[in-house]
Every structure is written in structure tokens, then in C-alpha cells.
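Each chain is listed here by its residues.
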Amino acid sequence: MSSKFENSTILISSLKQGDEEAYRYLVKTYHKLLFNYAISLTNDRAMAQDVIQEVFMNIWRDRKKLHESYNLKNYIYKITYNKFINQYHKNRAISSIERAYMEALNESVDDNNAELLERKIALVTEGIANLPKKCKETFLLSKKEGLTNIEIAEYQNISIKTVEGHLTKAYSLLRERVGEQLKHMLFLLFKKGASKL
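For clarity, every value in this text was computed on a predicted model and none was experimentally measured. (Residues numbered from 1 in each chain as written. Predicted model: local features only at pLDDT ≥ 70, side-chain atom pairs only at ≥ 80, totals over all residues. Heavy atoms only, no water.)

Participant: What exactly am I supposed to notice about the overall build of the protein here?
Facilitator: Along the backbone of the protein there are 10 helices and 0 strands. Here the analysis covers contacts within the protein between residues at least 6 apart in sequence; of these, 66% occur between residues at least 24 apart. (Helix = DSSP H or I, 4+ residues; strand = E, 2+ residues; numbered from the N terminus. Contact = heavy atoms within 4.5 Å.)

Structure (C-alpha cells):
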């Protein structure tokens with residue numbers, strides 16, 4: 001497939017003119033990236049696939065509205081995010097925890113920081129992987145499994161104070177890596193344990 005489309009301006013210009021080769025290039029280039037992104041939002045492969053399909057259909061349908069100045073990757077991420085929100089509203093009533101998740105997501109995704117968001121989520125994931133063993137286990141039981149401190153203490157056969165110590169240490173180490181946006185990143189990674197943030 002032609003590498004001329006690697007130039008975003010040429011790709012957008014060709015899309016606006018209805019060039020199907022440009023559209024195929026767009027789909028081939030962004031499908032996997034967007035699918036992974038949609039999965040991180042939905043935790044549902046079928047829903048992610050629906051969202052992505054709709055995104056590409058919309059881009060083709062509204063191609064004349066594209067501007068050559070767009071950062072195409074960020075633009076497509078933003079559309080994907082908006083489609084996810086629409087699907088989410090359609091599919092379920094939103095609880096207060098889910099609303100908080102939506103707000104965290106909204107603060108983390110804007111027209112200019114899709115790549116930054118990816119990097120921050122990667123930083124948090126890497127940070128969790130590098131936590132001391134007991135600290136990591138405790139943190140994941142809390143955030144990923146949604147267990148209370150009492151349940152974790154019973155499960156690990158340790159005191160609640162020790163559980164709290166592990167969690168405090170985990171937060172401190174992770175905050176060093178990501179800063180104050182840690183809470184938003186954890187919402188994105190672990191929706192189930194989000195109520196404890």
C-alpha cells in the first residue's frame with residue numbers, strides 16, 4: 001500500500017476526495033490501535049468491534065468535513081471515545097461509580113493527549129508490575145478484584161494495618177511515576193475497584 005499516505009495531510013486530502021485506497025490505508029493503520037483502545041474502555045470485545053466499525057464508517061461518511069490540519073490519530077481517538085460514551089449510555093443506566101469513571105475518562109481524553117494517555121496508562125501498568133511482591137499483590141486485590149481491606153487481610157493472613165501500609169506504599173510509588181493523575185489512570189485500568197479511590 002502506498003507510503004504517500006504516511007503524510008497525514010496527503011491522507012486527509014485523499015480521504016476528502018473519496019480515495020478508497022486512502023481509506024483502506026487508514027483502516028489498516030489504525031484498526032488494531034483503536035481496537036486495543038476501545039477494549040481498554042469497554043472490556044468487551046464485541047462492543048469494542050462495534051465502536052470501531054462505527055468510527056470508520058463515520059469517518060468515511062463525514063470525510064468532507066475533515067481538515068488537513070487535524071492530528072489524525074488524536075481526532076480518531078476522540079471519535080472512538082465519543083462513540084464509546086454513546087454506546088455506554090445506550091446500554092445501561094449509569095451508577096455513581098460509573099459516572100465517576102466517565103468523568104475521569106473525560107478529563108484524561110481530549111483532542112491533544114491520546115498518545116499521552118496511552119503513555120500514562122503504560123507507566124501505571126509498568127509501575128504496578130515493578131511494585132514489591134506483597135505490595136503488588138495487595139494493591140491488585142484491592143483495585144483489580146475490588147476486595148475490602150478486611151477481606152485482603154483475611155485472604156493474606158496479615159493485619160489490616162499491614163494491608164493499609166502496602167496500599168499506601170503502592171500509591172506513593174505509583175504517584176511518583178504518574179503524578180496527580182494517578183486516580184484517573186486507575187479508574188481507566190480498574191473500574192471495579194474504583195470506588196475505593
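Participant: Explain the environment of R63 here, please?
Facilitator: Positionally, R63 belongs in the loop between α3 (45-61) and α4 (72-91). Note on R63: relative accessible area 19%, which makes it buried. Spatially, the C-alpha atoms of R63 and L15 are 6.1 Å apart, while their sequence positions differ by 48 residues. (Buried < 20%, exposed > 50% of the residue type's maximum accessible area, 1.4 Å probe, protein only.)

Participant: Would you mind going over unusual backbone geometry with me for this structure?
Facilitator: Most peptide bonds take the trans configuration, and most residues that are not glycine carry a negative phi. Its identity is not glycine, yet N157 carries a phi of approximately 60°, on the positive side. Here N157 shows up in the loop between α8 (149-156) and α9 (160-178).

Participant: What am I meant to see in the pattern of salt bridges here?
Facilitator: Two side chains bearing opposite charge may form a pair once their charged atoms approach each other closely. For the structure shown, the criterion picks out 4 salt bridges. K16 is paired through a salt bridge with E68; the nearest N and O atoms lie 3.8 Å apart. Remark: E68 occurs in the loop between α3 and α4 and K16 occurs in helix α1 (residues 8-16); sequence separation between them is 52 residues. The class for K16 is partly exposed, based on a relative accessible area of 23%. Here E68 falls in the partly exposed class, since its relative accessible area comes to 33%. Measuring nitrogen to oxygen at the nearest pair gives 3.4 Å for the salt bridge that ties D62 to R61. (Salt bridge = Lys/Arg side-chain N within 4 Å of Asp/Glu carboxyl O.)

Participant: What's the story with α1 in this structure? I'm lost.
Facilitator: Listing the buried residues of α1 in full gives L11, I12, S14 and L15. The arc that holds every buried residue of α1, seen down its axis, measures 165°, which confines them to one face. With a side-chain oxygen positioned 2.8 Å from the backbone nitrogen of T9, the residue opening α1 is N7. Phi for G18, located one or two positions after α1, is positive at around 80°. (Arc of directions from axis to C-beta. Polar contact = N/O pair within 3.5 Å; in protein donor to acceptor, adjacent residues only side chain to side chain.)

Participant: Just checking my understanding: could you explain the nonpolar core for this structure?
Facilitator: Generally speaking, a soluble globular protein has its nonpolar side chains buried in company with each other. Residues L11, L26, L34 and I76 are the most contacted members of the largest nonpolar core, which totals 29 residues. Of all the elements in the fold, those that place two or more residues in this core are α1, α2 (20-42), α3 and α4. Counting residues per element, this core draws most heavily on α2, at 10 residues. Counting residues in hydrophobic clusters, the runner-up holds 16 residues, among them I152, V163, L167 and L186. (Core = buried A, V, L, I, M, F, W, Y, C linked by side-chain atoms within 4.5 Å.)

Participant: What exactly am I supposed to notice about the packing of aromatic side chains here?
Facilitator: Describing an aromatic ring pair means giving the distance of the ring centres and the angle of the ring planes. Tallied over the entire structure, the rule returns 4 aromatic pairs. Ring centres 5.7 Å apart and planes at 45° place the aromatic pair F5 and Y25 in the tilted group. Of the two residues, F5 sits in the segment before α1 while Y25 sits in helix α2, which places them 20 residues apart along the sequence. Of the residues examined, F5 reaches a relative accessible area of 1% and is grouped as buried. Relative accessible area serves as the criterion here: at 13%, Y25 is assigned to the buried category. Where Y23 meets W60, the ring centres are 4.9 Å apart and the plane angle is 55°; that geometry is what we call tilted. Of the two residues, Y23 is situated in helix α2 and W60 in helix α3; the sequence distance between them amounts to 37 residues. (Phe/Tyr/Trp six-rings, centres within 6.5 Å; stacked < 30°, edge-to-face > 60°.)

Participant: Could you clarify how one ought to interpret the environment of G179 in this entry?
Facilitator: When you line up the elements, G179 lands in the loop between α9 and α10 (182-189). Exposure remark for G179: the relative accessible area of 25% places this residue in the partly exposed category. Separated by 59 residues in sequence, G179 and K120 have C-alpha atoms that sit 9.7 Å apart.

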